[in-house]
Structures are given as structure tokens and as C-alpha cells.
Amino acid sequence: MVTLDDIRQAQARLRGIANRTKLLSFPTSDDRSLFLKPENLQPIGAFKLRGAYNKIASFSEEERRRGVITYSSGNHAQGVAYAARALGTKAIVVMPRSAPALKRDATAALGAELVLVGPGSLERQQRAEELAKEHGYAIVPPYDDEKIIAGQGTMALEILEDLPDVGTVLVPVGGGGMISGISAAIKLTKPDVKVIGAEPEVAGDAQASLRAGKVVELPAEQATSTIADGLRTQSIGKANFEHIRKFVDDIVTVSEDEIRQAVRKLSENPQTVAEPSGAVAVAAFLYHRDQLPQTKVNIAVVSGGNIDPKMLEELKRS
């Protein structure tokens, strides 16, 4: 289980590497305010840099000399590639062929070597583990790892410093790394603040796991059917489940149409342009308020903005 000291150590490592994103106000129709944590403004366009850098920086010089490997559908891939380049180590990334070309190209442009596989999240994990064993690469998991969790938790330290009277924090959920870190940091600092996860209905494994009291795995064809490509995980990680069970108040799901509408609304401000995965927490606030704590001051994490311009234009027109 991640401690507050772990998250503070990650914060120290990340100074000068990750941007300290400033909260932005989002218009609402009543007296319940919403602020956005715009992680789309990170150097790689997503929050994943925080955990990836914290993990790779914690490796020994020998481990970094051999190179690192990860498996990802996009944003974690870029986070690992960026962090590896900053730390002078080789990066290999196992990605699904179905990952957006924008994310594949950006990862390659950062110097990573790409290995393409099928769409299932378990398939890419297995391939990365095989290559790590064969070549001695150090694995940088996308979410099921305490150093990754601690790195993502640094967002919450910034949130509590910038808006001490926050009542609820809404967090997108894929594999569970971000919500694990954010919820741990918040509950270990201000336990009265509510932490709510948001994920697509069709990829609702985290909500199902929380309800069932055990990790629930979805079929690959179901998990990969959501427009939110960054949340196409078949199950949350084991470490993530333990953090979610201990620190998260609830998880709500949003429809594909609600995600699209949230992307459209966020695109009205150039600073908050979001990919579908990055818009799910805002979708939860806009369309599922009756399921959320009735708090006056709320924050939604915009986890990423790596959206293909053509997709954005199509969503704006639809």
C-alpha cells in the first residue's frame, strides 16, 4: 500500500519534469462549482508522465543500462518514452495495433521501439513480460505498481494545496493507477474529501470489481468497444484494487454518448481539449450528478488530450 511519504518522494523526483497543472474553472448551471485539473497540458499531453518517470527514476543504474519495457494503448507509452529519454535509457513499448496512430507516432518520435500486438490488454502484457525475460529489460507497468501509483498521486497533493476546500474529486478509471494514487493522497491527508471514479459503461470493470469485492475481468472485445481508448483495460490491477477498496468512495459509469458530449463541451476551451478517456470524469459530473456527493466544490481530472484532430472535428459536428 502506498504511503503519503511515497507520494511526497515522487513529488520531489518530478520537480522540473512534470508540469504543475493549474486548476481551471468550468461553467456549471447551478451553485455547485467544478474545477478541472488539466493534465492534458503535460509535455506528453497526459498525466502518465508522472508515474512513468517516478518508476524509471527509481531503477538502479544497471537496470536503466539494460533498458526498460512497457505495455500500453497510448499515453503510458508516451510517458515511458519521454521519461526514458530524459533519463538516458532505451525504451521498448508493446502497443495494440488498434491504438490511435497519433499515439503510436508520438511514442516512436520520443525514441521508443514499438512492438505491435492484438487489442487485448492481457496480450500486450504477456508479450512485454516475454521480451523482458529474454533481454533483461526492466518492466514499467502501466498501473499495477506502487511507484506508478505514487507518481500519479502527486496530482492530489497539488489539488489539496490549490483548492483546500474541495469536497469531491472525480477521477477517470482505466487500470486504476491514477485513482489509486489520488485517493490515497487525499484520504491520508483530508479523509472527509470524497473520491469518485468514472469509467465507460461498456468497460465498467472497476465498478464491477468494487461492487463484487474482487477483481472482475471483462472480455477483450467488450473492453475495447469504448471510444475511450485509454480506458480499454480488461481489469484493474491487484494493487489498484486494494487501494480502490480502501480509499475510493464510489465509481460511476458513463455512456458512450455522454463521453462524446463531454469531449465537445471541453473542446470549447483550447486549454481543456480532451481525448475521450480524459473527458469521462467531466461526463460523470454533467450527466450523473444525482449519483455524486452533493458537495459545492468539485474537481474533475482531465487526464489527457491526445485526440486525433479528425475525431475531434467529427465529434464537434455530430
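See the structure shown above.
Residues numbered from 1 in each chain as written. Predicted model: local features only at pLDDT ≥ 70, side-chain atom pairs only at ≥ 80, totals over all residues. Heavy atoms only, no water.

(A) Seen up close, the environment of A284. Following the sequence through the fold, A284 ends up in helix α13 (residues 276–287). Sequence spacing of A284 and I259 is 25 residues, and the spatial spacing of their C-alpha atoms is 8.7 Å. Contact partners of A284, with chain neighbours within four places excluded, come to A198, V252, V254, R289 and L292. (Helix = DSSP H or I, 4+ residues; strand = E, 2+ residues; numbered from the N terminus. Contact = heavy atoms within 4.5 Å.)

(B) Representation of the sheet that holds strand β2 (residues 33–38) in the model. The strand order across the open sheet formed by 6 strands is β1-β2-β10-β7-β8-β9, and the pairing between neighbours is mixed. Edge positions in the sheet fall to β1 (24–26) and β9 (250–254), since each has one partner strand and no second. Between one strand axis and the next, the sheet turns through 30° on average, direction left out of account. By the bridge criterion, 5 bridges tie strand β7 (residues 168–172) to strand β8 (residues 194–200) in an arrangement that is parallel. What sits directly across from V169, in β8, is V195. Along the sheet, α13 contacts β1, β2, β7, β8, β9 and β10 (297–302); its crossing angle with β10, the most-contacted strand, is approximately 155°. (Pairing = 2+ DSSP bridges. Axes fitted to C-alpha atoms, helices over the stretch in contact; angles between N-to-C directions.)

(C) Representation of empty space enclosed by the protein. Following the criterion strictly, the structure yields 2 cavities of 30 Å³ or more and no others. Lining the largest cavity are 31 residues, and of these K48, G174, G175, G230 and L231 lie nearest its centre. Going through the elements one at a time, α4 (75–86), α6 (121–135) and α8 (177–187) are the ones with two or more residues in the lining of the largest cavity. The dominant element in the lining of the largest cavity, judged by the number of residues it contributes, is α8, at 3 residues. Its residues assigned to classes, the lining of the largest cavity shows 10 nonpolar, 15 polar and 6 charged. The space that makes up the second largest cavity amounts to roughly 60 Å³. Along its surface, the second largest cavity is lined by S73, P96, S98, A99, P100, P119, R124, T224, D229 and R232. Here the residues of the lining of the second largest cavity are counted per class, giving 4 nonpolar, 3 polar and 3 charged. (1 Å grid on protein atoms, 1.4 Å probe; cavity = no way out; pocket = protein on both sides within 12 Å on 5 of 7 lines; lining within 4 Å. Points joined across faces, edges and corners; volume = space filled by probe spheres on them. Nonpolar A, V, L, I, M, F, W, Y, C, P; charged D, E, K, R; others polar.)

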